[in-house]
Amino acid sequence: MAEHSTISVNRNVLGLKRPVVLVGLMGAGKSTVGRRLARDIGLEFVDSDNEIVEAAGCSIADIFEMYGEDMFRDLEKRVLLRLLGSTPSVIATGGGAFINDDIRAAIRAQAISIWLKADIEVLIERVSRRNTRPLLKTGDKRATLTRLIEERHPIYGEADLVVESDEGAHETVVAKIARRLVEYTKEHS
Ligand code: S3P
């Protein structure tokens, strides 16, 4: 049993040579979709926020509160540069990662980036399920997300692929990404 599950992880069915990096705003579904995508295409899944939490030994909210956002961004950069340099995996990033010039340049050079694009109503509905995100803890979530959409959407638009994450179940989005990845790898082989 254990042997089967080991074989089914890491079989890299699409033969990808680069990691797949999911970018997009908070609530776009990067972690959920990323985990399922990784399972379906036989790659490891890593969540950069989780890696940061592990490295720091405290929650993201605590890092923001105790050390400030700049320290968080430093850790985020270090973690992502490390992840990009290891074996191909599916990497879910925090919403601000691709906005950083150095991280974005590294992702563009070393990975296939996918912007999971969702509209404001979907984002609000999803981020309202938990109140742990430091950027949304205070103030009006709709106003903050509207501002972040204006600031960040043009930058997320630099990703290699854009996949709408609005409609239907996460499985539909996962299947759509897998199809787009097949096309992308054919075009770039
Ligand atoms: C952030 C998004 C969060 C987390 C941090 C900052 C951002 O990740 O990295 O709170 O700047 O958009 P998610 O996008 O996974 O919520």
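Analysis parameters
Throughout this description, residue numbers start from 1 for each chain and increase along the sequence as written. Only residues with pLDDT of at least 70 get local features here, since the model is predicted, and only at 80 or more are side-chain atom pairs given and counted; chain-wide, interface and lining totals rely on the full set of residues. No hydrogens and no water enter the side-chain calculation; it runs on all heavy atoms of the structure. Where helices and strands are cited, they refer to DSSP runs of H or I of at least four residues and of E of at least two residues respectively, numbered from the N terminus. In this description the radius of gyration comes from C-alpha coordinates, and the expected globular size is given by 2.2 Å times residues to the power 0.38. Burial classification: accessible surface area is computed with a 1.4 Å probe over protein chains only, and a residue below 20% of its type maximum counts as buried, one above 50% as exposed, and the rest as partly exposed. Residues count as neighbours in contact if any of their non-hydrogen atoms are within 4.5 Å of one another. The protein chains shown are the only cover counted for residues, whose accessible areas, like all others here, come from Shrake-Rupley with a 1.4 Å probe. We call two N or O atoms a polar contact when they sit within 3.5 Å, provided that within protein one can donate a hydrogen and the other can accept it, with sequence-adjacent residues counted only if both atoms are side-chain atoms. Two rings from Phe, Tyr or Trp (for Trp, the six-membered ring) form a pair when their centres are within 6.5 Å of each other. A pair whose planes differ by under 30 degrees is stacked, one over 60 is edge-to-face, and the rest are tilted. To be near a molecule or strand, a residue needs just one of its heavy atoms within 4 Å of it. By the convention adopted, Pro, Cys, Tyr, Trp, Phe, Met, Ile, Leu, Val and Ala count as nonpolar, Lys, Arg, Asp and Glu as charged, and the other residues, Gly among them, as polar. A strand pair is defined by DSSP finding two or more bridges across the two strands. Lines are fitted to the C-alpha atoms to define the axes, a helix being fitted only along its stretch in contact, and any angle between axes, read from their N-to-C directions, falls within 0 to 180 degrees. Here, nonpolar core refers to any group of buried Ala, Val, Leu, Ile, Met, Phe, Trp, Tyr and Cys residues whose side-chain atoms link them within 4.5 Å.

> Is there a simple way to think about the overall build of the protein chain in this case?
Check the secondary structure of the protein chain and you find ten helices and five strands. Taking 189 residues into account, the globule formula puts the C-alpha radius of gyration at 16 Å, and the protein chain, at 16 Å, falls close to it. Along the first, second and third principal axes, the C-alpha set of the protein chain runs to 45 × 35 × 35 Å. Counting across all 189 residues of the protein chain, residues that qualify as buried make up 46%. Restricting the contact set of the protein chain to residue pairs at least 6 apart, pairs at least 24 apart contribute 74%. Approximately 9700 Å² of the protein chain is accessible, and the part contributed by carbon and sulfur atoms is 51%.

> I'm lost on helix α7 (residues 120-127) in this one. Help?
Since the α-helix packs 3.6 residues into each turn, any two residues three or four apart lie on the same face. For α7, the tally of buried residues reaches six of eight residues, placing the bulk of the element in the interior. Listing the buried residues of α7 in full gives I120, V122, L123, I124, R126 and V127. Where α7 begins, one side-chain oxygen reaches toward the backbone nitrogen of E121, 3.1 Å away; that side chain belongs to D119.

> Just checking my understanding: could you explain the packing of aromatic side chains for this structure?
Aromatic ring pairs are described here by two measures, namely the spacing of the ring centres and the angle between the planes. Applying the stated criterion across every chain yields a total of two aromatic pairs. Taken together, a centroid distance of 5.0 Å and an interplanar angle of 40° make the contact between F64 and F72 tilted. Assessed through its relative accessible area of 16%, F64 is described here as buried. Each ring, one from W115 and one from Y156, has its centre 5.8 Å from the other, and the planes form 40°; the classification is tilted. A residue pair is termed long-range when its members are at least 10 positions apart, and W115 in strand β4 (residues 112-117) and Y156 in helix α9 (residues 141-156) qualify at 41 residues.

> Where do I start with the site of the ligand in this structure?
Taken together, 13 residues surround the ligand, and among them K30, D49, R73, R133 and R152 come closest. D49 is positioned with one of its side-chain polar atoms (N or O) 2.8 Å from an oxygen atom of the ligand. R152 places a side-chain nitrogen or oxygen 2.7 Å from an oxygen atom of the ligand. Broken down by secondary-structure element, the contributors of at least two residues to the shell around the ligand are α5 (69-84) and α8 (134-137). By residue class, the composition of the shell around the ligand is five nonpolar, three polar and five charged.

> Is there a simple way to think about the sheet that holds strand β1 (residues 20-23) in this case?
Strands belonging to one sheet form pairs held by backbone hydrogen bonds; the direction of such a pair is parallel or antiparallel. In spatial order, the strands read β2-β3-β1-β4-β5; together these five strands make up an open sheet with parallel pairing. The open sheet is flanked by β2 (44-47) and β5 (161-164), the only strands paired with a single partner. Between one strand and the next, the sheet's axes are offset by a mean angle of 25°, whatever the strand orientation.

> When you look at the nonpolar core in this model, what are you seeing that I'm missing?
The nonpolar side chains of a soluble globular protein tend to be buried with one another. In this structure, L37, V90, I114, I177 and L181 are the most contacted members of the largest nonpolar core, which totals 58 residues. Take this core: its biggest share by element is six residues, from α5. Once you skip the residues sitting within four places of it in the chain, I177 turns out to touch L22, V33, L37, I114, L116 and V163.

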